[in-house]
Amino acid sequence: MNRKTIGQLRGAQELIEDAMLAGTDAAQRLQLSLTRQPYAVLEKIAPISLPVRAVEQVQTAMTLSIYGTIRSAMRATAALASSALDLAERT
């Protein structure tokens, strides 16, 4: 493969990675926003407000962890693609 093609592939790979990370960020924000709404209502019920907050904290931590894992997998995939392009460039 010639240098120009490799450069174009690298640009496409970076663009795809950026778009996927931005999409993941947007999905995370949306999910956190949507799940916050019922908790906000339930927290107003005094007898259950503390357990509701605890459950929300657990759910938020799980959501952040899952989206973090998705981002890590995307970055690992991007690194693998970059390594493949490095190899193609050397041959």
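No experiment lies behind these values; they were computed from the predicted model shown.

Participant: Sorry, what's going on with helix H2 (residues 49–90) here?
Facilitator: Since the α-helix packs 3.6 residues into each turn, any two residues three or four apart lie on the same face. In this model, H2 (42 residues) spans 61 Å end to end at C-alpha, consistent with the 62 Å of a helix rising 1.5 Å per residue. Buried within H2 we find Ser-49, Val-52, Glu-56, Thr-63, Tyr-67, Arg-71, Met-74, Ala-78, Leu-85 and Ala-88. Those residues of H2 that are buried are in contact with helix H1 (3–42).

Participant: Can you help me understand the pattern of salt bridges in this one?
Facilitator: If charged atoms from side chains of opposite charge come close, those side chains can pair. Under the criterion given, the structure shown has 6 salt bridges. Here Arg-3 makes a salt bridge to Glu-89, at a shortest N to O gap of 3.9 Å. Placement of the pair is Arg-3 in helix H1 and Glu-89 in helix H2, with a sequence separation of 86 residues. Residue Asp-25 is joined to Arg-71 by a salt bridge in which the shortest nitrogen-to-oxygen separation is 2.8 Å. Highlighted residues: Asp-25 in helix H1 and Arg-71 in helix H2, separated in sequence by 46 residues. Since its relative accessible area comes to 30%, Asp-25 is described here as partly exposed.

Participant: When you look at the packing of H1 against H2 in this model, what are you seeing that I'm missing?
Facilitator: Two elements in contact, H1 and H2, have axes separated by 11 Å at closest approach and are oriented at 175°. For the element pair H1 / H2, the angle class is roughly antiparallel.

Participant: Sorry, what's going on with H1 here?
Facilitator: Across its 40 residues, H1 extends 59 Å between first and last C-alpha, which sits within 8% of the 58 Å expected from 1.5 Å per residue. Within H1, the full set of buried residues consists of Ile-6, Arg-10, Gln-13, Leu-21, Thr-24, Gln-28 and Tyr-39. Elements that come into contact with the buried residues of H1 comprise H2. For H1, the N-terminal cap is Asn-2; the gap from its side-chain oxygen to the backbone nitrogen of Lys-4 is 3.1 Å.

Participant: Help me understand the environment of Tyr-39, please; the structure alone is not making it clear to me.
Facilitator: Looking at the secondary structure, you find Tyr-39 in helix H1. Residue class for Tyr-39 comes out buried when judged on its relative accessible area of 12%. What Tyr-39 contacts, discounting residues up to four positions off in sequence, is Val-52, Val-55, Glu-56 and Gln-59.

Thresholds, definitions, all that
In this convention, every chain numbers its residues from 1, walking through the sequence in written order. The model is predicted, so local features are restricted to residues of pLDDT at least 70 and side-chain atom pairs to those at 80 or more, both for listing and for counting; the totals for chains, interfaces and linings are taken over all residues. With hydrogens and water set aside, each side-chain value is computed from the structure's full complement of heavy atoms. Strands are runs of DSSP state E lasting at least 2 residues, helices are runs of H or I lasting at least 4, and numbering of each runs from the N terminus. Here the expected length of a helix is defined as 1.5 Å per residue gap, with one fewer gap than residues. The cut-offs for exposure are 20% and 50% of the maximum accessible area for each residue type, with area from a 1.4 Å probe on protein chains only; residues under the lower value are buried, those over the upper are exposed, and the others partly exposed. Note on definitions: a residue-residue contact is assigned when non-hydrogen atoms from the two residues lie within 4.5 Å. What counts as a salt bridge is simple: a side-chain nitrogen of Lys or Arg found within 4 Å of a carboxyl oxygen of Asp or Glu. Axes here mean lines fitted to C-alpha atoms, for a helix over just the part in contact, with angles spanning 0 to 180 degrees between N-to-C directions. Every angle not falling under 35 degrees, over 145, or within 65 to 115 is termed oblique; those three ranges are roughly parallel, roughly antiparallel and roughly perpendicular. Between N or O atoms, a polar contact is any pair within 3.5 Å; within protein, one atom must be a potential hydrogen donor and the other a potential acceptor, and residues adjacent in sequence are included only when both atoms are from side chains.

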